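# Secondary and tertiary structure notes
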Amino acid sequence: EAALSAFPQAGDREVETALRPKKLGDFVGQPRVREQLELVLESARKRGVPPDHVLLSGPPGLGKTSLAMIVAAELGAAIRITSGPALERAGDLAAMLSNLAEGDVLFIDEIHRIARPAEEMLYLAMEDFRVDVVVGKGPGATSIPLEVAPFTLVGATTRSGALTGPLRDRFGFTGQMEFYTPGELGHVIERSAALLDITIDDAGRAEIAHRSRGTPRIANRLLRRVRDYAEVRADGQATLPVVRAALEVYDVDELGLDRLDREVLGALVRSFGGGPVGVSTLAVAVGEEPTTVEEVCEPYLVRAGMLARTPRGRIATAAAWEHLGLAPPSDAAG
Ligand code: ADP
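Right, let's walk through the structure included here. The structure presented is a predicted model; accordingly, all values stated were derived computationally and were not measured.

### A word on the packing of aromatic side chains
According to the stated counting rule, one finds two aromatic pairs in the structure shown. On the basis of an interplanar angle of 75° and a centroid distance of 5.5 Å, the ring pair of Phe129 and Phe151 is categorised as edge-to-face. Pair noted here: Phe129 is in the loop between helix H5 (116–128) and strand E4 (130–135) and Phe151 is in the loop between strand E5 (142–147) and strand E6 (152–157), with a separation of 22 residues, a long-range link. Since its relative accessible area comes to 23%, Phe129 is described here as partly exposed. An angle of 80° between the planes, with centres 5.3 Å apart, marks the rings of Phe179 and Tyr300 as edge-to-face.

### Description of the pattern of salt bridges
Pairs can form between side chains of opposite charge once their charged atoms are near each other. One pass over the structure, following the stated rule, counts 19 salt bridges. One salt bridge connects Asp228 with Arg225, and the closest N-O pair in it is separated by 3.0 Å. Residue Asp228 and its partner Arg225 are both found in helix H9 (residues 216–233); the two are separated by three residues, about one turn of the helix. Taking relative accessible area as the criterion, Arg225 reaches 3% and is therefore assigned buried. Its salt-bridge partner being Glu294, residue Arg314 comes within 3.8 Å of it at the nearest N-O pair. Placement of the pair is Arg314 in strand E11 (residues 313–316) and Glu294 in helix H13 (residues 290–303), with a sequence separation of 20 residues. Take Arg314: its relative accessible area is 10%, and that puts it in the buried class. Each of Asp251, Asp253, Arg259 and Arg262 takes part in a single network of salt bridges with overlapping partners.

### What about helix H11 (residues 259–270)?
For H11, which comprises 12 residues, the first-to-last C-alpha distance of 16 Å matches the rise-based estimate of 16 Å (1.5 Å per residue) to within 8%. Every buried residue of H11 is listed here: Leu260, Asp261, Val264, Leu265, Gly266, Ala267, Leu268 and Val269. For H11, the secondary structure elements touched by its buried residues are helix H12 (279–286), H13, strand E10 (307–310), E11 and helix H14 (318–323). The backbone nitrogen of Leu260 has a side-chain oxygen 3.2 Å away, supplied by the residue at the start of H11, namely Asp258.

### Points about the site of the ligand
The immediate surroundings of the ligand are formed by 18 residues, with Val28, Gly61, Thr65, Ser66 and Arg217 found nearest. Between a nitrogen atom of the ligand and a main-chain N or O atom of Val28, the distance comes to 2.8 Å. Between the ligand and the protein, one listed contact pairs an oxygen atom with a side-chain N or O atom of Lys64 at 2.8 Å. If the ligand stood free it would expose 560 Å²; the protein chains cover 97% of that surface. Of all the elements in the fold, those that place two or more residues in the shell around the ligand are helix H1 (12–19), helix H3 (64–75) and H9. Of the residues in the shell around the ligand, the class split is nine nonpolar, five polar and four charged.

Calculation criteria
Residues numbered from 1 in each chain as written. Predicted model: local features only at pLDDT ≥ 70, side-chain atom pairs only at ≥ 80, totals over all residues. Heavy atoms only, no water. Phe/Tyr/Trp six-rings, centres within 6.5 Å; stacked < 30°, edge-to-face > 60°. Helix = DSSP H or I, 4+ residues; strand = E, 2+ residues; numbered from the N terminus. Buried < 20%, exposed > 50% of the residue type's maximum accessible area, 1.4 Å probe, protein only. Salt bridge = Lys/Arg side-chain N within 4 Å of Asp/Glu carboxyl O. Expected span 1.5 Å × (residues − 1). Contact = heavy atoms within 4.5 Å. Polar contact = N/O pair within 3.5 Å; in protein donor to acceptor, adjacent residues only side chain to side chain. Near = heavy atom within 4 Å. Areas by Shrake-Rupley, 256 points an atom, 1.4 Å probe, with all protein chains shown as cover. Nonpolar A, V, L, I, M, F, W, Y, C, P; charged D, E, K, R; others polar.

Take a look at the structure:
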């Protein structure tokens, strides 16, 4: 979270909640996932059963939580929200599950980080809508079966590859979230600007859209930082020059790369000659957690054609060298 562009500020979380799209119709982009999801929901509605469990996979800030809430809203169901790291003990999950009413949506964010005992309990709950609660320890331990109301699990993950096979297999549908196009982000920004009462012109909007790393959360965050700048240093209007000046202050470059993105590329190129280098070594070089580098920075650097993941490690492409203003070595990956 903290590694996303333009430093989160106090109050950002509240604003983020306010900006969340509430209906499928307000949800911009992701045409594939939306169409697939609509079919899953509609057919369940026709058959009068809770829909299959849904896994949403993709980098942070692409709308997985928003979509989970929309699924519940479309079903007219209540949503219970938890996360993988919060489910440390199987008992934590048992408590969540036993509180579900029929048809509820259970949202588990960062589901790849769920602890093993809770994960094993989840298998049975997803498949048979029951759990076995173990009471006591050692030879005297007994397992008490508990019924769980039929529910729909929506899991979100930034690393579907880190999910165990048995867990992945129990989802009836996986939606792979994609980065947004600048045009789609333009719509996100237009909607947010209207909700937040920010005056921004077409050119200013397009500029933010191009510099948001394909990510609505970043687009909304940059829009708010631009508003701060416009109010303090200009006349409140987010025109193109105002947007450019504001993004300069916040260290967001023409491609939307932020300081951490550029540090990662810089270390790869300057300290490791362009690679290949392992992700943990790279993370140490920039003083970050490997998971942050891997899940927050790399997906967009790969998509922007700056970094390649190879079996031997990460390598910088010629475009990365050029972006840093350096001449690529003659054998750099194109
Ligand atoms: P994730 O769960 O994937 O990290 P969120 O659902 O929390 O992402 O989305 C982050 C923010 O980005 C939301 O508060 C919302 O304002 C905005 N957002 C995400 N996806 C969309 C979208 N498709 N349309 C409009 N706004 C979106």
